[in-house]
Structures are given as structure tokens and as C-alpha cells.
Amino acid sequence: MSNNKVGLGLRREIALEICDIEDSRPDFLELAPENWIEVGGYWRSILSRVAEKYSFTAHGLSLSIGSTDPFNFEFLKKIKDFLDEYNIDIYSEHLSFSTCDNAHLYESLPVPFTGDAVKHISERIRTIQDFMERPLVLENITYYTVLEAELSEAQFFNKIAEESKCKVLLDVNNIFVNSQNHNYDPRKFIEEIALENVNYVHIGGHEATEDGLILDTHGQKIIQPVYELFNEVIRELPDSVPVMLERDVNFEDFNDLKEDMSEIRTILDSSSVNV
Ligand SMILES: [Fe+2]
């Protein structure tokens, strides 16, 4: 049996179901602190109920680590207090920018894979890690346009992790989606990225459009090629690394989520047998 924990995203649509679930329970839940920090009343009481049964990881939405905008430390203090209140060690974010001139763009947009961006982002990561008093865990995002690049995406991650001592959230579905949209071998990314920096994994579903573009929707069941990629990468990682199933929409059939979690566990168990 594998020791890897398998988690699920805490969404309001499934919060009550998650509280009452008897079999195939997730081992932990991931939440976006921004969605909960200033919530009171009914939803705060639901969060308290969920917290009695599960531990949490955090996946932030608004840090905009790749931006040139100054950080909002007043807001970040609220996030830090939330992480402390719920004993959350893993604070992950996207390696992207989502603000410009202090306007929120509500998208995770790609940063150029350049040496200047490595320096700029590493400095900002160090500031955040000092403030948050925990490592920042940065995720590889999906992107639909490629900006100026001096480095490959994996090299870019490696240099940032080296300079800032941040950790990496490896999203296996995002590797697959980008490889299809930008026509490269996803295994090359895995071979190139320094896996010793990875302390958290995401996996999820996506949507293929008729014109061939793949959208990172987190709304469908995981497809076999993504499981195969996951199977390959998880064998290279220690079993202390938690794995989170992402689902943001389409919650009509909770059995879909249970089936995906079950398949993830099957792969984890088979990988631990072969270690
Ligand atoms: Fe993700």
C-alpha cells in the first residue's frame, strides 16, 4: 500500500457531501483561502464542520507572483492567519501573474521564461516565504500562448526553485494539456524538471475542443494518457508527496470523483509495490 495521501478540492457544491461521506473518503482537502477568509455565518460553520474531519492544503488564487505590482500585505496577513488557524503547511500558488496595475485579471497568465524573470520572481518568492513563514509551493500552469523564452519551462522552474528555495506543485494534467497544445513530448518536461523540489501533485480532467485545442477546465474525468503520465512521474517521487484530484465544475455525479480517486490510489499502490 502506498503512503501517499489523496485529496480533493473543497468546493461549496460538495462540502456537505464530503462531511458525510462514508466510503472512499479523501485523505485531505484543498481549499482556496481567498474563498473562505472573510466568510462568516452558515458557510463558516460548514468550514468548521469540515475541519473537524479533514486536514487542509491551500491553493491560493491572488498572489500574482509573476507580476510587478506590489504585494498587498494587509490581505496576505489575513491569508497567513487563515493558514495558521487551520494548521496548513502546504501553501501553493501559480507560477504566473494575475494582476496588472493592481487590477485583478481573474486568470493565471504566463510569465516569460527568461533569466530576468527568474531574478524578479525569486526575489518576490523570498519575500513571501519570509512573510508567510512557510515555503511557497509553485504550480506549473496551463498557458495558451508562449511568451518570450530563453529557457524551457522546466529549466525556468529549476532556476527559480534553486534561487528562492521554493517548492514545486507538479500538475500532471497541465503538463499534458500544454504538451498537446504546444506540440511537445510531456515526458521531456518530466525528465528535465528537478523532481526533488516537488512536494505536491495535482491531477485532473480537461476538455478537448473540436478545433483541437485542449482546455484546462477541471470539469471532466481524468483520461488514460494523463493517468499514464501520472504513473510514470509518481514512481520518481517519495510517498510523502500528497496527490490532489482537481474538479471545479460538474459535480452532479459524486461517483465520478470517487472513481477518479480510486484509480489514483490504484496507481499509487502499484507504484509503491515496484519501488
Ligand atoms: Fe492544478
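Located above this text is the structure these notes cover.
Quick notes on the rules
Every residue gets a number counted from 1 within its own chain, in the order that chain's sequence is written. Owing to the predicted nature of the model, reporting of local features is limited to residues with pLDDT of at least 70; listing and counting of side-chain atom pairs is limited to 80 or more, with chain, interface and lining totals taken over all residues. Hydrogens are left out, water is left out, and the side-chain values use all remaining heavy atoms of the structure. Helix and strand assignments come from DSSP, with helices taken as H or I runs of at least 4 residues and strands as E runs of at least 2, each series counted from the N terminus. We compute the radius of gyration from the C-alpha atoms alone; for a globule the expected value is 2.2 Å times N to the 0.38, where N is the number of residues. A 1.4 Å probe rolled over the protein chains alone gives each residue an accessible area, and that area as a share of the maximum for its type sets the label: buried under 20%, exposed over 50%, partly exposed in between. Any pair of residues with heavy atoms lying within 4.5 Å of one another is described as a contacting pair. Surface exposure here means Shrake-Rupley accessible area, sampled with a 1.4 Å probe, where a residue is shielded only by the protein chains that are shown. With water omitted from the atoms examined, metal sites may look incomplete; donors here are N, O and S atoms no farther than 2.8 Å from the metal, or 3.2 Å in the case of Na, K and Ca. The span one expects for a helix is its residue count, reduced by one, times 1.5 Å. Each direction from the helix axis to a C-beta atom contributes to the arc, which is the arc of those directions. Here a polar contact means two N or O atoms within 3.5 Å. Within protein one must be a hydrogen donor candidate and the other an acceptor candidate, and residues neighboring in sequence count only if both atoms are side-chain atoms. Note on pairing: two strands pair once DSSP finds at least 2 bridges between them. Between the N-to-C directions of two axes lies an angle of 0 to 180 degrees, each axis being a line fitted to C-alpha atoms and, for a helix, fitted only over the stretch in contact. We define a nonpolar core as any set of buried Ala, Val, Leu, Ile, Met, Phe, Trp, Tyr and Cys residues linked to one another through side-chain atoms lying within 4.5 Å. Any carboxyl oxygen of Asp or Glu within 4 Å of a side-chain nitrogen of Lys or Arg constitutes a salt bridge here.

**What to know about the overall build of the protein chain**
And then number 1: Check the secondary structure of the protein chain and you find nine helices and twelve strands.
And then number 2: Over its C-alpha atoms the protein chain spans a radius of gyration of 18 Å, differing by no more than 12% from the 19 Å that the globule rule assigns to 275 residues.
And then number 3: Classification of the 275 residues of the protein chain by burial places 52% in the buried group.
And then number 4: Restricting to contacts in the protein chain with at least 6 residues of sequence separation, those with at least 24 account for 79%.
And then number 5: With the model as given, the accessible surface of the protein chain reaches about 12,800 Å², and the carbon-plus-sulfur share is 48%.

**Regarding the coordination of the iron ion**
And then number 1: Protein-derived coordination of the iron ion comes from E139 (OE), D171 (OD), H202 (ND1) and E246 (OE), at a distance range of 1.9 to 2.4 Å.
And then number 2: Counting the intervening residues between successive donors of the iron ion yields the motif E-x31-D-x30-H-x43-E. Residue E139 is found in strand β7 (residues 136-139), and its partner E246 is found in strand β12 (residues 243-246); the two are separated by 107 residues along the sequence. Each member of the pair, E139 as well as E246, carries the same accessibility label: buried.

**Quick notes on unusual backbone geometry**
The phi angle of most residues is negative, glycine excepted, and most peptide bonds adopt the trans form.
And then number 1: With phi around 50°, N87 is a residue other than glycine that occupies positive phi space.
And then number 2: Relative to the helices and strands, N87 resides in the loop between α3 (73-85) and β4 (91-94).
And then number 3: Accessibility expressed as a relative area gives 65% for N87, which makes it exposed.
And then number 4: One non-glycine residue, N183, lies in the positive phi region at around 60°.
And then number 5: Structurally, N183 is set in the loop between α6 (172-181) and α7 (186-192).
And then number 6: Here N183 falls in the exposed class, since its relative accessible area comes to 72%.

**Quick word on the side chain of T114**
And then number 1: Positionally, T114 belongs in the loop between β6 (103-109) and α4 (115-132).
And then number 2: Of the residues examined, T114 reaches a relative accessible area of 6% and is grouped as buried.

**Observations concerning α3**
Along an α-helix, a turn takes 3.6 residues, which lines up residues three or four apart on a common side.
And then number 1: With 13 residues, α3 extends 18 Å between its outermost C-alpha atoms, agreeing within 8% with the 18 Å of an ideal straight helix rising 1.5 Å per residue.
And then number 2: Listed as buried for α3 are L76, I79, K80, F82 and L83. Relative to the axis of α3, the buried residues are bounded by an arc of 160° and lie together on one face. Exposed residues on α3 whose side chains face more than 90 degrees from its buried face are E74 and E85.
And then number 3: Looking at the buried positions of α3, the neighbouring elements they touch are β2 (28-31), α2 (41-53), β3 (55-59), β4 and α4.
And then number 4: In this structure N72 caps α3, since a side-chain oxygen of it lies 3.2 Å from the backbone nitrogen of E74.
And then number 5: Positioned one or two residues after α3, N87 has a phi angle of 50°, which is positive.

**Concerning the sheet that holds β3**
And then number 1: The strand order around the closed barrel formed by eight strands is β1-β2-β3-β4-β7-β8-β9-β12, and the pairing between neighbours is parallel. Shown here is a sheet whose adjacent strand axes are inclined to one another by a mean of 30°, direction ignored.
And then number 2: Docked against the sheet, helix α8 (residues 224-234) engages β8 (167-171), β9 (198-204) and β12, running at close to 165° with respect to β9.

**With respect to the nonpolar core**
And then number 1: Membership of the largest hydrophobic core comes to 80 residues, with the highest contact counts inside it found for I65, Y91, F156, F230 and I264.
And then number 2: Leaving out residues up to four positions away in the same chain, I65 has contacts with F71, H94, L95, S96, I121, R124, I125, I128, L136 and L138.
And then number 3: Counting six residues, the second-largest nonpolar core is a separate cluster that includes F28, I90, V137 and M244.

**Side note on the pattern of salt bridges**
And then number 1: Summed over the entire model, instances satisfying the criterion amount to 14 salt bridges.
And then number 2: With a closest N to O distance of 2.9 Å, E232 and R187 form a salt bridge. Placement of E232 in helix α8 and of R187 in helix α7 is noted, with a sequence separation of 45 residues between them.
And then number 3: Each member of the salt-bridge network shares a partner with another, and the members are K80, D84, E133 and R134.

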